[in-house]
Amino acid sequence: MRRPVAIVTALVLFGEAVGIVLINAVLATVAENQNMSLAGLDPDAMSTGTWVMGGVSGLLLLLCGLLALIAGIRDRAPGRAGRIVLIGCAVVHGVLGAVTVGLVGWWAFAFMMAVLALLVLTLLAYGPEPRAGGTDDTASEKTAPAPA
């Protein structure tokens, strides 16, 4: 069950990356065409910043999707750095989900929470594996000493 979840998570993150880049492209184009200043900020700086933010956000989502896809294909947990990146992605989706309720609406919140659930499910499915040192619950139980 964990392979399909990781692959679906990767596909959703790839789609979200494309969506974020497109949304930021529209915002950058609107900011450039309006040619308005926001609190004295140069309109070209606003447009350039929006393009950069869209590109960086898209690349980070592609990285997260690639990590989930590799975990699904190999059917192995991502390494320490990969887990940290996926946990960071999950935290960002949780925070942005809370923000989107007020700004965008409940459908955007539901989407963000669905992606968060996929990320958490992927992280839990590929949790830390038991060590080979015999840390099994039954083996670690100590028996009472024999009565004297």
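About the cut-offs
Residues numbered from 1 in each chain as written. Predicted model: local features only at pLDDT ≥ 70, side-chain atom pairs only at ≥ 80, totals over all residues. Heavy atoms only, no water. Phe/Tyr/Trp six-rings, centres within 6.5 Å; stacked < 30°, edge-to-face > 60°. Helix = DSSP H or I, 4+ residues; strand = E, 2+ residues; numbered from the N terminus. Buried < 20%, exposed > 50% of the residue type's maximum accessible area, 1.4 Å probe, protein only. Expected span 1.5 Å × (residues − 1). Contact = heavy atoms within 4.5 Å. Polar contact = N/O pair within 3.5 Å; in protein donor to acceptor, adjacent residues only side chain to side chain. Salt bridge = Lys/Arg side-chain N within 4 Å of Asp/Glu carboxyl O. Patch = residues over 30% accessible without salt bridge, like charges linked within 9 Å, V, L, I, M, F, W, Y side chains within 5 Å. Areas by Shrake-Rupley, 256 points an atom, 1.4 Å probe, with all protein chains shown as cover. Core = buried A, V, L, I, M, F, W, Y, C linked by side-chain atoms within 4.5 Å.

S.K.: Give me the lowdown on the packing of aromatic side chains, citing residues and values where you can.
M.R.: Counted under the stated rule, the structure contains 1 aromatic pair. Judged by centre distance (5.5 Å) and plane angle (90°), the ring pair of Trp 106 and Phe 109 falls under edge-to-face. With Trp 106 and Phe 109 both in helix H4 (residues 106-125) and 3 residues apart, this pair spans about one turn of that helix. Owing to a relative accessible area of 24%, Phe 109 belongs among the partly exposed residues under this scheme.

S.K.: Hey, could you go over helix H1 (residues 2-34) for me, with residue numbers and the actual values?
M.R.: A rise of 1.5 Å per residue sets the reference length of H1, with its 33 residues, at 48 Å; its end C-alpha atoms lie 47 Å apart and thus fit the reference within 8%. In the core, the buried residues of H1 are packed alongside helix H2 (43-74), helix H3 (80-103) and H4. Trailing H1 by a residue or two, Asn 35 shows a phi angle of about 55°, which is positive.

S.K.: Describe the side chain of Thr 122, listing the residues and the values that go with them.
M.R.: Here Thr 122 lies in helix H4. For Thr 122, a relative accessible area of 4% gives the class buried. A polar contact of 2.8 Å, which involves the side chain of Thr 122, links it to the backbone oxygen of Leu 118.

S.K.: Talk me through the pattern of salt bridges; I want residue IDs and the actual numbers.
M.R.: Inspection of every chain in the model, using the stated rule, returns 1 salt bridge. Two residues, Asp 75 and Arg 2, come together in a salt bridge whose shortest N-O distance is 3.1 Å. Taken as a pair, Asp 75 in the loop between H2 and H3 and Arg 2 in helix H1 lie far apart in primary sequence, 73 residues in all. On the accessibility criterion, Asp 75 (28% relative accessible area) is partly exposed. A relative accessible area of 30% means that Arg 2 is categorised as partly exposed.

S.K.: How would you summarise a nonpolar patch on the surface if you had to cite specific residues and measurements?
M.R.: A cluster of nonpolar side chains, Ile 87, Val 91, Val 95, Val 99, Leu 103 and Val 104, forms an exposed patch at the surface whose accessible area comes to about 570 Å². Summarising the element assignment, Val 99 is placed in helix H3.

S.K.: Could you give an account of H2, naming the residues involved and the relevant values?
M.R.: The first and last C-alpha atoms of H2 sit 46 Å apart over 32 residues, in line with the 46 Å expected at 1.5 Å per residue. Among the residues making up H2, those that are buried are Pro 43, Ser 47, Thr 50, Gly 54, Gly 58, Leu 61, Cys 64, Gly 65, Ala 68, Ala 71 and Gly 72.

S.K.: Give me the nonpolar core: which residues, what numbers.
M.R.: By size, the foremost hydrophobic cluster in this structure holds 11 residues: Leu 13, Ala 17, Leu 61, Cys 64, Leu 86, Cys 89, Ala 90, Val 115, Leu 116, Leu 119 and Leu 123. Mapped onto this core, the elements with two or more residues apiece are H1, H2, H3 and H4. Counting residues per element, this core draws most heavily on H4, at 4 residues. Residues contacting Ala 90, with those up to four places away along its chain left out, are Leu 116 and Leu 119.

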